[in-house]
Amino acid sequence: MKCVRVTDPKKFDEVVCTALRDSSAVFVLFFGREDPSSGVSWCPDCVIADPIVRSALANIKNAILLEVPVDRASNLTSPTNIFRHRKDIMLGRIPTLMRWTLNGPMKLRLVEDECKKQAINTFVAKTDLLLLAEKNSKIKPQ
């Protein structure tokens, strides 16, 4: 699995597009930014979810995990607040794991304590099925 950190919210779409050129298994994890002094996220749920998400996605062929650190919602001047207001993301709580396609984010997502290994495995399987169904619906019989 390849991991890419999105450090500039303004470049989010560019990073996603680059990832989608390389893989159809693009996952985006929004999590609490690490405290510079400790290197640990301010979000305890994110600290717990991080290794679980990585472990669950590690065996997916060509998977790309885009890591998107966000600041506390109370930090109104943070540029990461854009993710809380974008209509295609509407980030409410973290950690949030989403899968991205050429059509944008899939509606299915995992939030907070849903980021457990079994739930992630089910999430990946469901999103795979949805992508396959979408692909098959576009194939016209000859």
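Residues numbered from 1 in each chain as written. Predicted model: local features only at pLDDT ≥ 70, side-chain atom pairs only at ≥ 80, totals over all residues. Heavy atoms only, no water.

## Here's the deal with the nonpolar core
Here's step 1: Residues Phe 12, Phe 30, Leu 97 and Trp 100 are the most contacted members of the largest nonpolar core, which totals 36 residues.
Here's step 2: When residues of this core are traced back to their parent elements, those giving at least two are helix 1 (12–22), strand 2 (26–32), helix 2 (44–57), strand 3 (64–70), strand 4 (96–101) and helix 4 (117–138).
Here's step 3: Considering each element in turn, this core owes the most residues, six residues, to strand 2.
Here's step 4: Residues within four places of Trp 100 in sequence aside, it is in contact with Phe 12, Val 16, Leu 20, Ser 24, Val 26, Val 28, Arg 86, Asp 88, Ile 89 and Pro 105. (Core = buried A, V, L, I, M, F, W, Y, C linked by side-chain atoms within 4.5 Å. Buried < 20%, exposed > 50% of the residue type's maximum accessible area, 1.4 Å probe, protein only. Helix = DSSP H or I, 4+ residues; strand = E, 2+ residues; numbered from the N terminus. Contact = heavy atoms within 4.5 Å.)

## Observations regarding the state of the cysteines
Here's step 1: Taken as a whole, this structure holds zero disulfides when the rule is applied.
Here's step 2: Distance from the sulfur of Cys 115, which forms no disulfide, to the nearest cysteine sulfur (Cys 46) is 8.2 Å.
Here's step 3: Overall, the relative accessible area of 3% leaves Cys 115 in the buried class. (Disulfide = S-S within 2.5 Å.)

## Overview of the pattern of salt bridges
Here's step 1: Across all of its chains, the model carries nine salt bridges by this definition.
Here's step 2: Residue Arg 5 pairs with Glu 34 through a salt bridge whose shortest N-O separation is 3.0 Å. Residue Arg 5 is located in strand 1 (residues 2–5), and its partner Glu 34 is located in the loop between strand 2 and helix 2; the two are separated by 29 residues in the primary sequence.
Here's step 3: Owing to a relative accessible area of 36%, Arg 5 belongs among the partly exposed residues under this scheme.
Here's step 4: Glu 34 sits in the partly exposed class, given a relative accessible area of 26%.
Here's step 5: Each of Arg 5, Glu 34, Asp 50, Arg 54 and Glu 67 takes part in one network of salt bridges that share partners. (Salt bridge = Lys/Arg side-chain N within 4 Å of Asp/Glu carboxyl O.)

## Let's talk about the side chain of Arg 99
Here's step 1: By secondary structure assignment, the location of Arg 99 is in strand 4.
Here's step 2: Looking at Arg 99, the relative accessible area reads 3%, which means it is buried.
Here's step 3: Among the polar contacts made by the side chain of Arg 99, one reaches the main-chain carbonyl oxygen of Ser 24 at a distance of 3.3 Å.
Here's step 4: Those residues in contact with Arg 99, other than ones at most four positions away along the chain, are Ser 24, Ala 25, Val 26, Phe 27, Gly 104, Pro 105, Met 106, Phe 123, Val 124, Thr 127, Asp 128 and Leu 131. (Polar contact = N/O pair within 3.5 Å; in protein donor to acceptor, adjacent residues only side chain to side chain.)

## Describing the packing of aromatic side chains
Here's step 1: For the coordinates displayed, the defined rule picks out five aromatic pairs.
Here's step 2: Between Phe 12 and Phe 30 the ring centres are 6.1 Å apart and the planes differ by 35 degrees, which places this aromatic pair in the tilted class. Of this pair, Phe 12 sits in helix 1 while Phe 30 is found in strand 2, placing the two residues 18 residues apart along the sequence. No difference in accessibility class separates Phe 12 from Phe 30, as the two residues are buried.
Here's step 3: Here the aromatic rings of Phe 12 and Phe 83 are separated by 5.2 Å at their centres, their planes lie at 70 degrees, and the arrangement is edge-to-face. Here the residue Phe 12 occupies a position in helix 1, and Phe 83 occupies one in helix 3 (residues 82–85), the gap between them amounting to 71 residues. The pair formed by Phe 12 and Phe 83 is uniform in burial state, with each residue classed as buried.
Here's step 4: Taken together through their ring pairs, the aromatic side chains of Phe 12, Phe 30, Phe 83 and Trp 100 make up a single cluster. (Phe/Tyr/Trp six-rings, centres within 6.5 Å; stacked < 30°, edge-to-face > 60°.)

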